[in-house]
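Descriptive analysis of the structure
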Amino acid sequence: MGKSKWTKKDLDEFKNYISDKRKKVIEEVDQAKQRAEDMLKNDSTNAIYSSHMADAGSDLVEMEKAYYFVQRESQFLKYLNRAIDMIEKGTFGICSGCQELISKERLMEVPHTRSCFACKSKR
């Protein structure tokens with residue numbers, strides 16, 4: 001049987017990694033929101049002068065992609081916040097199924113996970 005808890009040093013490393021990831025996601029969400037708002041503003045002012053329906057359709061698709069990105073990254077931000085909460089509560093990195101430590105590699109890829117690869121694969 002291996003370790004049953006991550007060390008304070010390990011948890012601090014995870015927290016720093018997750019915090020850095022959060023900052024990047026927040027910046028990307030802000031940029032995507034700004035792009036979507038700019039597209040919406042430009043679309044409403046240029047709608048009368050649209051030269052072709054396909055151009056208007058392309059603009060709409062790009063705006064939808066920007067809003068989808070904002071939604072997806074906002075959800076990811078919630079997951080990162082949950083990971084930080086788990087660190088603070090002392091439940092981070094411990095599988096809810098087998099109570100063993102989740103591998104560091106898995107936690108780096110999916111920091112908000114609550115199950116190790118073996119338990120996740122059983123589902």
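For the structure itself, consult the block above.
By convention here, each chain's residues receive numbers from 1 onward along its written sequence. Totals for whole chains, interfaces and linings use all residues, but because this is a predicted model, local features are given only for residues with pLDDT of at least 70 and pairs of side-chain atoms are given and counted only at 80 or more. Processing note: side-chain calculations cover all non-hydrogen atoms of the structure and skip hydrogens and water entirely.

A look at the pattern of salt bridges
The criterion, for reference: Any carboxyl oxygen of Asp or Glu that lies within 4 Å of a side-chain nitrogen of Lys or Arg is treated as forming a salt bridge with it. The helix count covers DSSP runs of H or I at least four residues long, the strand count covers runs of E at least two residues long, and both are numbered beginning at the N terminus. Buried residues are those whose accessible area, probed at 1.4 Å on protein chains only, stays under 20% of the maximum for their type, while exposed residues exceed 50% and partly exposed ones sit between those limits.
Across all of its chains, the model carries four salt bridges by this definition. Measuring nitrogen to oxygen at the nearest pair gives 3.3 Å for the salt bridge that ties Asp12 to Lys8. Of the two residues, Asp12 and Lys8 both sit in helix α1 (residues 8-46), four residues apart, roughly one turn of that helix. Judged by its relative accessible area of 62%, Lys8 is exposed. A salt bridge links Glu88 to Lys15; the nearest nitrogen and oxygen atoms lie 3.2 Å apart. Linking Glu88 in helix α2 (residues 53-89) with Lys15 in helix α1, this pair joins segments that are 73 residues apart in sequence. When its relative accessible area of 54% is taken as the criterion, Glu88 is described as exposed.

With respect to the environment of Lys104
Under the convention used in this document: Counting of polar contacts relies on pairs of N or O atoms within 3.5 Å, with two restrictions inside protein: one atom must be capable of donating a hydrogen and the other of accepting it, and residues adjacent in sequence are counted only when both atoms are side-chain atoms.
As for its position among the elements, Lys104 is in helix α3 (residues 104-109). Take Lys104: its relative accessible area is 32%, and that puts it in the partly exposed class. Placed 90 residues apart in sequence, Lys104 and Phe14 show a C-alpha to C-alpha distance of 9.1 Å. Reaching out from Lys104, the side chain makes a polar contact with the side chain of Glu13 at a distance of 3.3 Å.

Some thoughts on the packing of aromatic side chains
The following threshold applies: Ring pairs are drawn from Phe, Tyr and Trp, using the six-membered ring of Trp, whenever the two centres fall within 6.5 Å, and their geometry is named by plane angle: stacked under 30 degrees, edge-to-face over 60, tilted for the rest. To sit over a ring, a charge needs its Lys NZ or Arg CZ within 6 Å of the ring centre and within 35 degrees of the ring normal.
Summed over the entire model, instances satisfying the criterion amount to two aromatic pairs. Here the aromatic rings of Trp6 and Phe14 are separated by 5.2 Å at their centres, their planes lie at 80°, and the arrangement is edge-to-face. A single burial state applies to Trp6 and to Phe14, both of which are buried. Ring pairing ties together the aromatic residues Trp6, Phe14 and Phe92, which thus form one cluster. Taking the ring centre of Phe14 as reference, the NZ or CZ of Lys104 above it sits at 5.8 Å.

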